[in-house]
Amino acid sequence: MTAVYTEKEMDAISSHIERNFGKYNNVLHESNSSDIHVDICVIEPTKECNHYTLVTMGMGAHKMNVPAALKAYGIDRAELLITLPADWDVRNPDETSYWVIRWLKVMARLPIEHDTWLGWGHTVPNGEPFAKNTQLSGMLVTMPYCFGGQSAICKLPNNEKVNFYQLLPLYESEMRYKDENGTEALENAFPDDFDMVVDINRKTFK
């Protein structure tokens, strides 16, 4: 059975996205859904915010299997976002562009397929570069820092929370550093002017 938001819950999620990440006129609709229905809201670049923001809408209809010790924190529902350069072709089916959308969907379904959960600090390896035009090969789940603290949590009509996390693609060396030193050390290792917008050729801090 497909887990979906109620109409009122969907309205709350949509309003949260537009209020915190930007208005969207385009949605990449999912045609076949057996577990959750994951649409992707496409927020176009603007003069004030010159990058794409892609936000999932539907992942949070499923309650993740959060460890018992963490259940009180209300982190069992989540949506994901990623920011892309203004010249990224979000409608290009070639894997050199599409891998970002593919991974939004992969990450959205991971908690269901593995009966687990995703939250701040989790990393997921691809095992090889995402595409032939980049060496980025893993995903970090982090907070949407550049959108402000209020962007991280959406309150549903029943007062349950949906947590919004940003995905940051990492190099293999950065994945190893995080495994050895922790997420906080990894994030502190990036320069102060680090840009969360995906750069397929960015330099690593290592």
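Right above here is the structure, for reference.
These numbers come from a predicted model, not from an experiment. (Residues numbered from 1 in each chain as written. Predicted model: local features only at pLDDT ≥ 70, side-chain atom pairs only at ≥ 80, totals over all residues. Heavy atoms only, no water.)

### Focus: unusual backbone geometry
Okay, so step 1: Phi angles above zero are rare outside glycine, and Asp115 is one such case at about 50 degrees.
Okay, so step 2: Position of Asp115 relative to the elements: it lies in the loop between helix 2 (95-113) and strand 5 (123-125).
Okay, so step 3: Asp115 sits in the exposed class, given a relative accessible area of 55%.
Okay, so step 4: For Asn159, which is not glycine, the phi torsion reads 75 degrees and is therefore positive.
Okay, so step 5: Checked against the element boundaries, Asn159 lands in the loop between strand 7 (153-155) and strand 8 (161-170).
Okay, so step 6: According to the relative accessible area criterion, Asn159 is exposed, its value standing at 55%. (Helix = DSSP H or I, 4+ residues; strand = E, 2+ residues; numbered from the N terminus. Buried < 20%, exposed > 50% of the residue type's maximum accessible area, 1.4 Å probe, protein only.)

### Some details on a negative patch on the surface
Okay, so step 1: Residues Asp192, Asp193, Asp195 and Asp199 make up a contiguous surface patch of negative charge.
Okay, so step 2: By the element assignment, Asp192 lies in the segment after helix 4 (183-189).
Okay, so step 3: Owing to a relative accessible area of 86%, Asp192 belongs among the exposed residues under this scheme. (Patch = residues over 30% accessible without salt bridge, like charges linked within 9 Å, V, L, I, M, F, W, Y side chains within 5 Å. Areas by Shrake-Rupley, 256 points an atom, 1.4 Å probe, with all protein chains shown as cover. Salt bridge = Lys/Arg side-chain N within 4 Å of Asp/Glu carboxyl O. Lys, Arg positive; Asp, Glu negative; His and termini not counted. Charge placed at Lys NZ, Arg CZ, Asp CG, Glu CD.)

### Notes on the nonpolar core
Note that soluble globular proteins tend to have their nonpolar side chains buried in a common cluster.
Okay, so step 1: Within the largest apolar cluster, 37 residues are counted, with the highest numbers of intra-cluster contacts made by Leu54, Trp88, Trp99 and Met107.
Okay, so step 2: The set of elements that each furnish at least two residues to this core consists of strand 2 (39-43), strand 3 (51-57), strand 4 (78-85), helix 2, strand 6 (138-142) and strand 8.
Okay, so step 3: Here the element with the most residues in this core is helix 2; it accounts for eight residues.
Okay, so step 4: Trp88 has contacts with Tyr52, Thr96, Ser97, Trp99, Val100, Val198 and Ile200, leaving out every residue within four places of it along the chain.
Okay, so step 5: Grouped together as the second largest cluster of nonpolar side chains are 17 residues, Phe21, Val55, Met57 and Phe147 included. (Core = buried A, V, L, I, M, F, W, Y, C linked by side-chain atoms within 4.5 Å. Contact = heavy atoms within 4.5 Å.)

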